[in-house]
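Chain and residue survey
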Amino acid sequence: MFDSPENLNLNPDELAAFIRRVYDANARARAAVTDRLLRAKLAFDAQYSPDELAYIHSVGGSDSYYPITKIKCTTGAAWIRKILGGSEKPWAIEPTPDPDLSDPLVQQIVQATMAEMQRITAMGLQMTPDDAYEYARDVRELMVQYRNERAADAAKEMERLIEDELVDGGFKSAFNEFLADLLPYPAAFLRCVKRIEHVSMVESAEDSGAVRLVEKEVERYRFERISPLHVFPAAGQKKVDDGNLVIVSLYSLNELGKLAGVSGYNATEIAAVIAENSSAAEPGDETDPLAAYPEAKLFDQEQYRQNGKIAALEFYGAVPGRLLKSWCVRSMSPVQAAEFYPDSPQVPLSPEEFEQKLQQAAAEGIAQSEEDAAAVKVQIAGVDGVEDIDQLEDLKFYEVYAVVVRNHCIYCSLSAASRYIYSASYRANIDSIWGEGIADLLHHVQRSVNSLMRSRNNNLALAGAPQVIINTDAVRLKPGEPLQITPFKQWFVSGSGYFGAQKPFELMQIPDVSDSLSRELEKELVFADRISGIPEYSQGVSKGAENGAAGTASGLSMLLDAASNQIKDPINNIDEGLYEPLIRDLYYDKINDPEVPNSAKGDFKIHARGAIGLAFKEQSQIRRREFFSLVLQSPLLQQILKPEGIVALTREVVRTLDMPVNDIVPSETEFAAQQQQLQLQQQAAAAQSDELQAAIQQIDEQLAAGQISPQEADRAKRALAGEIQVAQRQQGGRPVPGGPEMQRQATREDAR
């Protein structure tokens, strides 16, 4: 049962009022950007603003809209998605190049050096300081090499863990939505949240081995796109982790009701929100008191209504400790607040009222003893992360995450080092979160293209049929006869002579200037290519790639490579604004997670390689294939390179061809097993070759002793030739000593 605010005798929520003031200030600071956001949305949807459309209709004529902005946005998004969505990840976790050795390892180096000095001295020799330094350096290099090998394995394991989190959390879908915002809008936003989800899992019983389906609560990362229209940073805010940031989100009444029992959420404030909503008018009613909240009007600007949902403010920023104390007191029950903070202005209870509340609490089973009350104080129902409200200083500011619905703060917690919110822009602005999107870059071009398109359509419509000038004084029409021009129509005119003194009508042809307007339109489209950095031929359009360097395959490849220089900027912004901070936050979480094995932890650095991949991806694949062909054609390189290296090179080449690598090339384990089997076969072949060599030597001895004739010796050797060739093949193609190949080589050496 929720307590109503009237029964609590509490003053208005000061924390909610503070956050509302921040939101109002941020909304005023974002006013100019809001116009750009709405303009970008209209441009991407290929729609005029209501004012522009009303003016066009008042003038008359065509209201067509050429979607150049949408074309460039979709093409650019596909281009970036192709670069970042290949077979390789656009990010990597790598060990630091020169890891710092811990103090225990340094002590081990010193102890090893001292032990070596003692050993040398015991042998009657002397170890100079330079020798000791060289020995210590060698020991350190061995330790660093060993640590680097272990760190590389740990980095791969950490990559696998984080990649699993990205897959399970729906990062691919969220990134596609993020990319759809990046191109048209001044900025795109994505965040990572932890949620407790009920999932169905298959497990086997340990005793019986029976397989069954069980429901479990699992904490998972979830990746969500945030609409740029819902983000309100502070004035002059440069990064999402700086300043007071407000995000507008939606909650249904069902979701709010479920949150009432979750730790950290204020059930009383949630009950007040639900009560206010049930007494409000129907959505869209001008008398609705909830329509006064600016965040509710935000969804009307997006041209749709979220029925049954309530707009809320998610606040990330600094709050004075006094307001947190105030909210903590409001979060308590009346008995808790009066017991621990009787002098608080938030709870003006008289002794009689306090005694009445205490009896009510005892009847409900709340704080029946002093021990229960002490336990409540330690586990205070207030700000998450604050065990005791006395820890908060009135004038000190604390970084918090809070949720405000209307005038009620329903949740508040001390925030972590990161807000887990990430942003990037197509063209970054170092002085603001908001950069420039394609809609901003092409704003003037879009207006010019639309104007030319409407003029061309209007001209084609006017020039397609003549204008008719009718002389009403010369035309005599029968009563009720319409004034229309039709084939074989009979005209009765006044006057005498051919058509009388005056012609009944004349035709006026409007000049067709659509060709000149089309040429001007093509010029504007060329400007759009240059300004946006997304050429028309990158869309697969042949026009624009028919003449000049673009008329050949190599020339077109060079032009596309040159055009990719501009697309590197947004990819680099994605690397710095999304991939690197996101992977770093997940990496820090894994480091602090006790369930992650220590074998996956280490001193790593996060490296986003999207822009680098664009610059070297195609060239590296070409160079890799060229080197692979060179290795296959050069026996010398095959002898120099490790067999394991050739297998790894083959796997990389097959992977770039988007072919099933494991079905074509053996893995490292399979190759090691094959090498071991081959070694056993070679050992058996070597033993067999020794026996064959002994047999050949015995035949030569019998021939020298005259025991057999030369013909018999030749027949015996030919009988052994087949076995010698088999042994030669089993030894990897090397000639068997005493075999025919060795004899031919000896003959050639004698001839030289």
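The shown structure was predicted, so the numbers you read here are calculated from the model rather than taken from an experiment.

The rules behind these values
- Residues numbered from 1 in each chain as written.
- Predicted model: local features only at pLDDT ≥ 70, side-chain atom pairs only at ≥ 80, totals over all residues.
- Heavy atoms only, no water.
- Helix = DSSP H or I, 4+ residues; strand = E, 2+ residues; numbered from the N terminus.
- Buried < 20%, exposed > 50% of the residue type's maximum accessible area, 1.4 Å probe, protein only.
- Contact = heavy atoms within 4.5 Å.
- Axes fitted to C-alpha atoms, helices over the stretch in contact; angles between N-to-C directions.
- Parallel < 35°, antiparallel > 145°, perpendicular 65-115°, else oblique.
- Left-handed = near helix turned anticlockwise from the far one by under 90°.
- Nonpolar A, V, L, I, M, F, W, Y, C, P; charged D, E, K, R; others polar.
- Pairing = 2+ DSSP bridges.
- pLDDT = per-residue confidence, 0-100.
- Patch = residues over 30% accessible without salt bridge, like charges linked within 9 Å, V, L, I, M, F, W, Y side chains within 5 Å.
- Areas by Shrake-Rupley, 256 points an atom, 1.4 Å probe, with all protein chains shown as cover.
- Salt bridge = Lys/Arg side-chain N within 4 Å of Asp/Glu carboxyl O.
- Core = buried A, V, L, I, M, F, W, Y, C linked by side-chain atoms within 4.5 Å.
- Polar contact = N/O pair within 3.5 Å; in protein donor to acceptor, adjacent residues only side chain to side chain.
- Phe/Tyr/Trp six-rings, centres within 6.5 Å; stacked < 30°, edge-to-face > 60°.
- Lys NZ or Arg CZ within 6 Å of the ring centre and 35° of its normal.

A closer look at the overall build of the protein
Along the protein, the regular secondary structure elements total 26 helices and 14 strands. A buried classification covers 38% of the 752 residues belonging to the protein. A fraction of 72% describes how many contacts in the protein between residues 6 or more apart in sequence connect residues 24 or more apart.

What to know about the packing of helix α17 (residues 443–463) against helix α18 (residues 514–532)
Axis separation between α17 and α18 bottoms out at 9 Å; the angle between their running directions is 160°. Between α17 and α18, the interaxial angle falls into the category roughly antiparallel. Handedness of the crossing formed by α17 with α18: left-handed. Of the residues in α18, those touching α17 at Val445, Ser448, Val449, Leu452, Met453, Ser455, Arg456, Asn459 and Leu460 are Ser514, Leu517, Ser518, Glu520, Leu521, Glu524, Leu525, Phe527, Ala528 and Ile531. Looking at the contact of α17 with α18, its residues break down into 11 nonpolar, five polar and three charged.

What to know about the sheet that holds strand β5 (residues 245–252)
What the five strands build is an open sheet, ordered β4-β5-β6-β7-β8; its pairing is antiparallel. Taken across any chain shown, the strands that pair with only one partner, and hence form the sheet edges, are β4 (231–232) and β8 (408–414). As defined by bridge partners, strand β6 (residues 309–320) adjoins strand β7 (residues 397–405) across eight bridges and the pair is classed as antiparallel. If you follow Val319 over to β7, its bridge partner there is Tyr398.

Here's the deal with the confidence of the model for the protein
Of the residues in the protein, 73% reach a pLDDT of 70 or more, and the chain-wide mean stands at 75. Throughout residues 280–290 the model reports pLDDT below 50, and contacts reaching past four residues in sequence, or to other chains, amount to 13 contacts. In this model, residues 365–381 is a region of pLDDT below 50 whose contacts with residues beyond four sequence positions or in other chains number 21 contacts.

As for a nonpolar patch on the surface
A contiguous nonpolar surface patch, about 230 Å² in accessible area, is contributed by Val106, Val110 and Met114. Among the secondary structure elements, Val106 is positioned in helix α6 (residues 103–122). Residue classification places Val106 among the partly exposed residues on the basis of a relative accessible area of 35%.

A few points about the pairing of β7
Along β7, seven of the nine residues are buried, which leaves the element largely enclosed by surrounding structure. Bridge count for β7 against β8 is six bridges, and the pairing is antiparallel. Note that in β8 the partner of Ala402 across the bridge is Cys412. Connecting the antiparallel pair β7 and β8 is a turn made up of two residues, with Arg406 showing a positive phi of about 60°.

Structural notes on the environment of Ala465
Along the chain, Ala465 falls in the loop between α17 and β10 (467–470). Relative accessible area serves as the criterion here: at 38%, Ala465 is assigned to the partly exposed category. Along the backbone, Ala465 and Ile510 are 45 residues apart, and their C-alpha atoms lie at a distance of 8.1 Å.

What about the nonpolar core?
Formed by 55 residues in total, the largest nonpolar core has its most connected members in Phe223 and Ile574. Ranked by residues supplied to this core, first place goes to helix α19 (residues 553–592) with nine residues. Tyr185, Ala187, Tyr316 and Val405 belong to the second largest nonpolar core, which has 35 residues in total.

Here's the deal with the environment of Ser263
Tracing the sequence through the fold places Ser263 in the loop between α9 (253–259) and α10 (267–279). Ser263 gets classed as exposed once you look at its relative accessible area, which sits at 59%. Between the C-alpha atoms of Ser263 and Tyr411, which are 148 residues apart in sequence, the distance is 9.3 Å.

Digging into the side chain of Glu159
Looking at the secondary structure, you find Glu159 in helix α7 (residues 129–168). At 2.7 Å, the side chain of Glu159 and the backbone nitrogen of Ile93 are in polar contact.

Digging into the packing of aromatic side chains
Here the structure, examined in full by the defined rule, presents 14 aromatic pairs. By the ring-pair criterion, three or more aromatic residues cluster together here, those being Phe171, Phe175, Phe178, Phe223 and Tyr579. Directly above the ring of Phe232 sits Arg30, whose terminal nitrogen or CZ lies 3.9 Å from the centroid. If you follow Lys70 out to its NZ or CZ, it ends over the ring of Phe44, 5.5 Å from the centre.

Points about the sheet that holds strand β2 (residues 188–204)
Strand order across the open sheet formed by three strands is β3-β2-β9, with antiparallel pairing between neighbours. The sheet is open, and its two edges are formed by β3 (211–226) and β9 (421–424), each paired on a single side. If you compare each strand with its neighbour and ignore which way they point, the axes differ by 25° on average. Where β2 lies against β3, 16 bridges are found, and the strand directions are antiparallel. The partner of Leu190 across the bridge, within β3, is Arg225. Contacting β2, β3 and β9, helix α8 (residues 171–182) crosses the sheet at an angle of about 15° to β3.

Details of the pattern of salt bridges
A full pass over the atoms with the stated rule returns 17 salt bridges. Between Lys72 and Asp529 there is a salt bridge whose closest N-O contact spans 2.4 Å. Placement of Lys72 in helix α5 (residues 68–84) and of Asp529 in helix α18 is noted, with a sequence separation of 457 residues between them. There is no split in this pair, since Lys72 and Asp529 are both buried. Put simply, Glu159 and Lys89 hold a salt bridge, and the shortest N to O gap is 3.3 Å. One end of the pair, Glu159, is in helix α7; the other, Lys89, is in the loop between α5 and β1 (91–95), and 70 residues separate them in sequence. Residue class for Glu159 comes out buried when judged on its relative accessible area of 15%. What emerges from the salt-bridge pattern is a single network uniting Arg36, Arg39 and Asp440.

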